[in-house]
Amino acid sequence: MLQQALKFLRPVEKAGPKSPEIHLILDNYATHKHPKVLDGIERQKRISRHFTPTRASWLNLVERFFSPRTEQRLRRGVFHSVPDLERHLQDCLETYNEHPRPLVWTKTADEILQKVEQSRPVLTAASS
């Protein structure tokens, strides 16, 4: 996994637009916090890293939504350009939206906000 992360990071800096910053959003997987990965990111002046909260239930939902689409439609796909990939992703979303299923939250707003407060010390320490 470490080699995959480094293999991904190297071309990001080269392929990205030259003027704006690149914001890299990482989960808390150990590979993403490996000293070699962090050093690789730090050497790229335009890349800022952001770690998702450990208890980021909303992010889990995003991952759960895209996981089957990745497995069913994207993993073995061949895309000849970014616009080609974008068209394919749009098609995936339109197909899903033909028969959508609503998300039903099982936590109350108070429960979610309590988790945010519990995570705040860790998040504050991580960003320092």
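On a predicted model such as this, the values are computed, not experimentally measured, just so you know.

So, about the packing of aromatic side chains. Here the structure, examined in full by the defined rule, presents 2 aromatic pairs. When the ring of F65 is compared with that of F66, the centres are 5.0 Å apart and the planes differ by 85 degrees; the resulting orientation is edge-to-face. Here F65 falls in the partly exposed class, since its relative accessible area comes to 23%. In this structure F66 comes out as partly exposed when scored by relative accessible area, which is 37%. Consider the rings of F65 and Y96, whose centres lie 4.9 Å apart with planes at 85 degrees: the pair is edge-to-face. Taken as a pair, F65 in helix α3 (residues 57-74) and Y96 in helix α4 (residues 82-97) lie far apart in primary sequence, 31 residues in all. Through a chain of ring-to-ring contacts, three or more aromatic side chains come together here, namely F65, F66 and Y96.

Quick look at the confidence of the model for the protein now. Across the protein, pLDDT averages 76, with 76% of residues at or above 70. Of all the helices and strands in the protein, helix α1 (residues 2-15) carries the lowest mean pLDDT, 69, while α4 carries the highest, 86.

So, about the pattern of salt bridges. Summed over all chains, the structure comprises 2 salt bridges. Between D84 and R87 there is a salt bridge, with the nearest N and O atoms lying 3.8 Å from each other. On the criterion of helical spacing, the pair formed by D84 and R87 is a turn pair, its members being 3 residues apart in helix α4. Note that R120 and E117 form a salt bridge whose closest N and O atoms lie 2.7 Å from each other. Here R120 and its partner E117 are both found in helix α5 (residues 109-127), 3 residues apart, which amounts to about one turn of the helix.

A grouping of I112, L113 and V116 is seen on the molecular surface, where their side chains present a nonpolar patch of about 230 Å² in accessible area. Relative to the helices and strands, L113 resides in helix α5. Residue classification places L113 among the exposed residues on the basis of a relative accessible area of 51%.

Calculation criteria
- Residues numbered from 1 in each chain as written.
- Predicted model: local features only at pLDDT ≥ 70, side-chain atom pairs only at ≥ 80, totals over all residues.
- Heavy atoms only, no water.
- Phe/Tyr/Trp six-rings, centres within 6.5 Å; stacked < 30°, edge-to-face > 60°.
- Buried < 20%, exposed > 50% of the residue type's maximum accessible area, 1.4 Å probe, protein only.
- Helix = DSSP H or I, 4+ residues; strand = E, 2+ residues; numbered from the N terminus.
- pLDDT = per-residue confidence, 0-100.
- Salt bridge = Lys/Arg side-chain N within 4 Å of Asp/Glu carboxyl O.
- Patch = residues over 30% accessible without salt bridge, like charges linked within 9 Å, V, L, I, M, F, W, Y side chains within 5 Å.
- Areas by Shrake-Rupley, 256 points an atom, 1.4 Å probe, with all protein chains shown as cover.

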